[in-house]
Each structure stands twice: as C-alpha cells, then as structure tokens.
Amino acid sequence: INRTQTTNLLEEKTKNLTFVSSWQDMLNDENTTSEKKLLSDAMRMLNSNYGVQGELVIEVIDDTPEAIYRSEEVLCDVKDMEYIVRYLDRIRNACVVNNLDRSYDEHSYLMNAMHDIDVASMVGVPIIRNGEVKFVLLAFSMVNSNRLELENILTEQSKVMIQYAFGQLVDTLYRMRNIK
C-alpha cells in the first residue's frame, strides 16, 4: 500500500466513524417524536455522507409492502415493491450494484424498479425479523453528466455502513412505536 492509498483509507475510516457518531446522536435525539421526521433526517444524513440521492424505505405490514419513506423521484408501485421484497428475501443479504460492475445483470431489476431514474449505483438492505423481511431500504445515486460518474458509485464499504445504519434506524422505529 502506498502513501496515497493509506491516506485514502484513513480518510474513509474517519468519515465512517464521524458518520456513526452523528447517526447515533440523531437516533437518540429525544426531541424527535415523529417517524416521518426521523426517516427524513436519516435519509438526509445518508445523502450528505454517502452521496445517496434517492431512497425508498419499505415496511412489510400483513404481507403487504408499504412505502414509509420515498424520495420524490421514486415512482415504485406495490408490484415493484413486492418484487423488491421477494428479491431481497431470496438473497437474504444486503447488496450493492452499479451500472459499471459485472454484478449489474444479477441485480439489475433493483435498479430498473426505479423506472425513469438513471441510477448509477444502489444499495439494497433487507431487515429480517423472525425469518421474514420486515423492512427494506433501497438507497441510490444517480448518473450525473456534470460529474465524473465514479464519484456517484456506492461501494462495498458504503454498503456495510448503510446496512449497519439502517438496522439501527429500524431498531429506533420499533422503540418509538413501543413507547407510544
């Protein structure tokens, strides 16, 4: 590893530690009593820390997927969300896919489920409880012709951090619901 690679790794680790600390502070903010505000704040943090430009959070209620948060540009219908949930239930793990990678064909429907959005990369995270997918997060970056496309790519490292953060977010949602 050369000096530049070491510096980049250190910067990435510092960024991730700062993110986790800020994320936990946000989740523990006792002034946040609305799920809608919590989800909005959480997605804003993902955007500012990982270049996420669009999100879809699905909760499965009585075997029916429901969008509990979606960014404006996300036009998924119930059929799309059912497919997304089934797909992530089948692979039973988080995935990252981008339009420059060999794994694109394997996970392309996740990106195609965003319909008219030109997705550069996407992280899909299922939260499984009692053997069933209960929540799903799709977080994506878009192709931007004004920037070098590689800047918009979500990586394995960002997938790990987003997966960890989403798990904590879901735990906070459950905690908020149990307090009410």
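Quantities reported herein were computed from a predicted structural model and do not represent experimental measurements. (Residues numbered from 1 in each chain as written. Predicted model: local features only at pLDDT ≥ 70, side-chain atom pairs only at ≥ 80, totals over all residues. Heavy atoms only, no water.)

Visitor: Got a minute to help me understand the pattern of salt bridges in this structure?
Guide: This model, assessed by the stated rule, comprises 8 salt bridges. With a closest N to O distance of 2.7 Å, Lys37 and Asp41 form a salt bridge. Here the residue Lys37 and the residue Asp41 both occupy positions in helix 2 (residues 35-50), the gap between them amounting to 4 residues, near one helical turn. By relative accessible area, Lys37 is classed as partly exposed at 43%. Note that Arg92 is salt-bridged to Asp89, the shortest N-O span being 2.4 Å. With a relative accessible area of 38%, Arg92 lands in the partly exposed category. Three or more residues are tied together by salt bridges with common partners; here these are Glu35, Glu59 and Arg177. (Salt bridge = Lys/Arg side-chain N within 4 Å of Asp/Glu carboxyl O. Helix = DSSP H or I, 4+ residues; strand = E, 2+ residues; numbered from the N terminus. Buried < 20%, exposed > 50% of the residue type's maximum accessible area, 1.4 Å probe, protein only.)

Visitor: Can you help me understand the sheet that holds strand 5 (residues 132-142) in this one?
Guide: The strands making up a sheet are joined through hydrogen bonds of the backbone, oriented either antiparallel or parallel. Strand order in the open sheet formed by 5 strands is 2-1-5-4-3, with antiparallel pairing between adjacent strands. Each edge of the open sheet carries a strand with a single partner, namely strand 2 (64-70) and strand 3 (95-98). On average, each strand axis in the sheet is inclined to that of its neighbour by 20°, with strand direction left out of account. Of the pairings in the sheet, the one linking strand 3 to strand 4 (residues 119-129) comprises 4 bridges and is antiparallel in character. Bridge pairing links Val97 to Met122 in strand 4. Where helix 2 meets the sheet, its contacts fall on strand 1 (54-61), strand 2 and strand 5, and the angle it forms with strand 2 comes to roughly 70°. (Pairing = 2+ DSSP bridges. Axes fitted to C-alpha atoms, helices over the stretch in contact; angles between N-to-C directions. Contact = heavy atoms within 4.5 Å.)

Visitor: Where do I start with the packing of aromatic side chains in this structure?
Guide: To describe a pair of aromatic rings, one takes the distance between the centres and the angle between the planes. What the rule picks out here adds up to 4 aromatic pairs. Centroid distance Phe135 to Tyr174: 5.7 Å. Interplanar angle 90°. Geometry classified as edge-to-face. Highlighted residues: Phe135 in strand 5 and Tyr174 in helix 5 (residues 156-179), separated in sequence by 39 residues. We classify Phe135 as buried; its relative accessible area is 1%. Here the aromatic cluster, defined as three or more aromatic residues joined through ring pairs, consists of Phe19, Trp23 and Tyr50. (Phe/Tyr/Trp six-rings, centres within 6.5 Å; stacked < 30°, edge-to-face > 60°.)

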